[in-house]
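Observations on the model geometry
Spelled out, the chains give:
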Amino acid sequence: MESPKTIPLGRQIDPLRHGIHGVKSDIIESHPLESAYRTAKVKQEEMKKKILTNTYGAAFPMKMELDRQILTKFQRPPGAIPSSFLGLEAMTGTLEGFGFEDYLNDPRDSESLCPADMHHGMEVRLGMSKGPICPSFI
C-alpha cells in the first residue's frame, strides 16, 4: 500500500515571503564593533554573576537566571503592539540604559516598516512556519 501524501509543515524557507537566503550574512557580521559589543556584554554578565555568587551565595544567581527565563517567555502575540519586556528590563537594569532608540528613534516607528502579519507570526511561534515574523524593512 502507498502511504498517504502529506504536506510538510513549513520547514522550508519561503523565498517569496522572506527573500532569497544569502550565505554571506551567516558568515560575516554586519559591523566589527558588533562582535566586540557582544563579547563585552557576555563578559560583563559573567563578572556580575561571579560577584553575586561571592556576595550572596550560589542560589541567588540561579534564582535570577530562572526569573530572567520566565520574563523572556512572557510576551504579547504578534501584531500591532510589540512586547515591551518591561519586567525583564527592570530586572536586568537596562531600563536605566540610554540606547540608540532613545536618540535615533525606534526602528518600529519608521514609515518604511512593514506591518506584522499576525497569522504568520503565530505560525512561527507555534513552529508551523519558519523565518522572521515579518520582514523588518522594505
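Residues numbered from 1 in each chain as written. Predicted model: local features only at pLDDT ≥ 70, side-chain atom pairs only at ≥ 80, totals over all residues. Heavy atoms only, no water.

Spelled out, the test is: UniProt positions are given in the numbering used here, feature names are shortened, and annotations may be inferred rather than shown by experiment.
Per an unreviewed UniProt entry, the chain carries the name Proteasome maturation factor UMP1 and comes from Forsythia ovata. In its Sequence similarities (unreviewed entry) section, the UniProt entry covering the chain states "Belongs to the POMP/UMP1 family."

1. Some remarks on the environment of isoleucine 51
Let me state the cut-off plainly: Under the scheme used here, helices are H or I runs from DSSP no shorter than 4 residues and strands are E runs no shorter than 2 residues, and both carry numbers assigned from the N terminus. We call a residue buried when its accessible area falls under 20% of the maximum for its residue type, exposed when it is over 50%, and partly exposed in between, using a 1.4 Å probe and counting protein chains only.
The residue isoleucine 51 is located in helix 3 (residues 32–56) in this model. Residue classification places isoleucine 51 among the partly exposed positions, given a relative accessible area of 49%.

2. Here we look at the packing of aromatic side chains
Selection criterion: What counts as a ring pair is set by centres within 6.5 Å for rings of Phe, Tyr and Trp (its six-membered ring), and what kind of pair is set by the plane angle: stacked under 30 degrees, edge-to-face over 60, tilted for all other angles.
Scanning the model with the defined rule gives one aromatic pair in all. Between tyrosine 56 and phenylalanine 60, the aromatic rings sit 5.1 Å apart at their centres with planes inclined by 50 degrees, giving tilted as the arrangement. Its relative accessible area of 57% is what places tyrosine 56 among the exposed residues.

3. Comments concerning the pattern of salt bridges
As a reminder of what qualifies: Here a salt bridge means any side-chain nitrogen of Lys or Arg lying within 4 Å of a carboxyl oxygen belonging to Asp or Glu.
Following the criterion strictly, the structure yields four salt bridges and no others. A salt bridge links glutamate 34 to arginine 38; the nearest nitrogen and oxygen atoms lie 2.6 Å apart. Of the two residues, glutamate 34 and arginine 38 both sit in helix 3, four residues apart, roughly one turn of that helix. Residue glutamate 34 is classed as partly exposed on the basis of its relative accessible area, which comes to 25%. Overall, arginine 38 belongs to the partly exposed group, its relative accessible area being 44%. When the shortest N-O distance is used, the salt bridge between aspartate 67 and lysine 63 registers 3.0 Å.

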